[in-house]
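# Geometric and topological summary
What follows is each chain in one-letter form.
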Number of protein chains: 2
Amino acid sequence: MSPAGRRPGPSSTADDVLAAARELFAERGYQATTVRAIAAAAGVTPAMIHHFFGSKEKVFLAAARIPIDPDTVLAILLAGPREQFPERLVAAFGAAWRDERTGPALQSVLRAAVARPQEALTVRVFAEQFMLPRVSAYLGLPPTQVAAAVAMLLGRAVAAVLLGIEPLASASDEELAAYYVPALRAALSL
Amino acid sequence: MSPAGRRPGPSSTADDVLAAARELFAERGYQATTVRAIAAAAGVTPAMIHHFFGSKEKVFLAAARIPIDPDTVLAILLAGPREQFPERLVAAFGAAWRDERTGPALQSVLRAAVARPQEALTVRVFAEQFMLPRVSAYLGLPPTQVAAAVAMLLGRAVAAVLLGIEPLASASDEELAAYYVPALRAALSL
């Protein structure tokens, strides 16, 4: 048994890297933070970071504790006819929030981001660097338009899941899709 | 000068009423909480509550620190042609978040509601009791559909104001209206 008041699990190299990464990303932003700088701050070699994490993108995602892999989601969202993008987005969003692993993780990321500016930065970078540019290029639409559309679904998550506003919170995914798919289609001029 | 560690302004009768109201609303919900029960808990007469606040609704709004008077907003939203409801909703929402008095207050209410379940209850009651039933009756649409549409605008506030996601945060109200008005029209089948 571990002594009362202490948690098991000492600080590891990976934890050091993530702590250094969080600090540097928060201080300098995503673009200006290099793997070399993270390595220096964590007292490891850049090669070790590449070995453990693979890329700056992966370090960021691990540091941000965002439970969504952008490549996996984008592979689903951007595969298929452009006109069906709203259906795919609504379905992927609903599935991620309903999933027993990613759902609670998304909740805590979003709660933290809304409550603390430091945490908001990670959601912002995730949206601005990883998601919006690629969806915007795929649809051939301005990032503002894409961001406005995605924000509509974010609002559903906030209202239904985080705030529990009824009858939205109890509505089925099918009913919600009947409102959100046409709305996103109109917002995206599809 | 007041001693260090103590704030000026002693507890007043109004503060006692609001503290009692917050506790009772949180415990029993809005419907089951009476002015009589709030008065008893605060050690005042129901007549004093009616004199100071006017109604249970006003006590709730003061206790919840929501800087929006439902009657004032509804008077704007529900006046005019049904088909122009999306324009009025988008304009009223934008104005409330831009206003130098209500904007920051809305921000802090929403941040608190997302962070703490106790505070979420007040936003929930505001939406469920004061706003949705009347908008739903005016439009002749199910509350779920109305809530889904309003949540889309809430998402804009969360993404742009609370999280600061660009280029959404810097977009003009005019540009955003060009995406949100058609989206709300589609969501509301107008």
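Here is what the cut-offs are and how they apply
Residues numbered from 1 in each chain as written. Chains lettered and ligands numbered in written order. Predicted model: local features only at pLDDT ≥ 70, side-chain atom pairs only at ≥ 80, totals over all residues. Heavy atoms only, no water. Contact = heavy atoms within 4.5 Å. Buried area = accessible area lost by both parts, 1.4 Å probe. Salt bridge = Lys/Arg side-chain N within 4 Å of Asp/Glu carboxyl O. Polar contact = N/O pair within 3.5 Å; in protein donor to acceptor, adjacent residues only side chain to side chain. Helix = DSSP H or I, 4+ residues; strand = E, 2+ residues; numbered from the N terminus. Phe/Tyr/Trp six-rings, centres within 6.5 Å; stacked < 30°, edge-to-face > 60°. Buried < 20%, exposed > 50% of the residue type's maximum accessible area, 1.4 Å probe, protein only. Axes fitted to C-alpha atoms, helices over the stretch in contact; angles between N-to-C directions. Left-handed = near helix turned anticlockwise from the far one by under 90°. Nonpolar A, V, L, I, M, F, W, Y, C, P; charged D, E, K, R; others polar.

### Some points on the interface of chain A and chain B
In this complex, chain A contributes 40 residues to the contact, which on the side of chain B involves 40 residues. Buried surface at the junction of chain A and chain B, summed over both partners, amounts to about 3,200 Å²; 76% is from carbon and sulfur atoms. When residues of chain A are sorted by the area they lose upon contact with chain B, A:V114, A:L163 and A:Y179 head the list and together hold 21% of the total. Here chain A and chain B share 0 salt bridges between them. Summed over the shared surface of chain A and chain B, the result is 8 residue pairs in polar contact (both at pLDDT 80 or more). Looking at the side of chain A that touches chain B, the elements that each hand over two or more residues are α7 (102-115), α8 (117-139), α9 (143-162) and α10 (173-187) of chain A.

### Observations concerning the packing of aromatic side chains
Tallying each qualifying case throughout the model produces 16 aromatic pairs over all chains. Between A:F25 and A:F60, the aromatic rings sit 5.3 Å apart at their centres with planes inclined by 80°, giving edge-to-face as the arrangement. Linking A:F25 in helix α1 (residues 13-28) with A:F60 in helix α4 (residues 56-64), this pair joins segments that are 35 residues apart in sequence. Across this residue pair, the class does not change: A:F25 and A:F60 are buried. A ring pair is formed by B:F60 and B:F130, whose centres lie 5.5 Å apart and whose planes are at 70°; its orientation type is edge-to-face. Of this pair, B:F60 sits in helix α4 (residues 56-64) while B:F130 sits in helix α8 (residues 117-139), placing them 70 residues apart in sequence.

### Concerning unusual backbone geometry
Looking along the chain, the bond that leaves A:E166 and enters A:P167 is cis, with omega of 5°. Secondary-structure assignment places A:P167 in the loop between α9 and α10. A positive phi angle is found at B:R65, which is not glycine, with a value near 60°. Looking at where B:R65 falls in the secondary structure, it is placed in the loop between α4 and α5 (70-77). Phi at B:S189 is positive, roughly 50°, even though this residue is not glycine. Topologically, B:S189 is positioned in the segment after α10 (173-187).

### A word on the packing of α4(A) against α8(A)
Residue and element names in this part refer to chain A. Relative orientation of the contacting elements α4 and α8 amounts to 145°, with a least axis distance of 10 Å. You can see that α4 and α8 cross each other, and the crossing is left-handed. In this structure, α4 uses E57, F60, L61 and A64 to contact α8, whose residues at the interface are T122, V125, F126 and F130. In terms of residue class, the contact of α4 with α8 is made up of 6 nonpolar, 1 polar and 1 charged.

### Re the pattern of salt bridges
Residues and elements named next belong to chain B. Considering all chains together, one arrives at 12 salt bridges over all chains under this definition. With its nearest N and O atoms 2.7 Å apart, the salt bridge here joins E87 to R185. Here E87, found in helix α6 (residues 85-98), pairs with R185, found in helix α10; they are 98 residues apart in sequence, far enough to count as distant. For E87, a relative accessible area of 30% translates into the label partly exposed. Taking relative accessible area as the criterion, R185 reaches 25% and is therefore assigned partly exposed.

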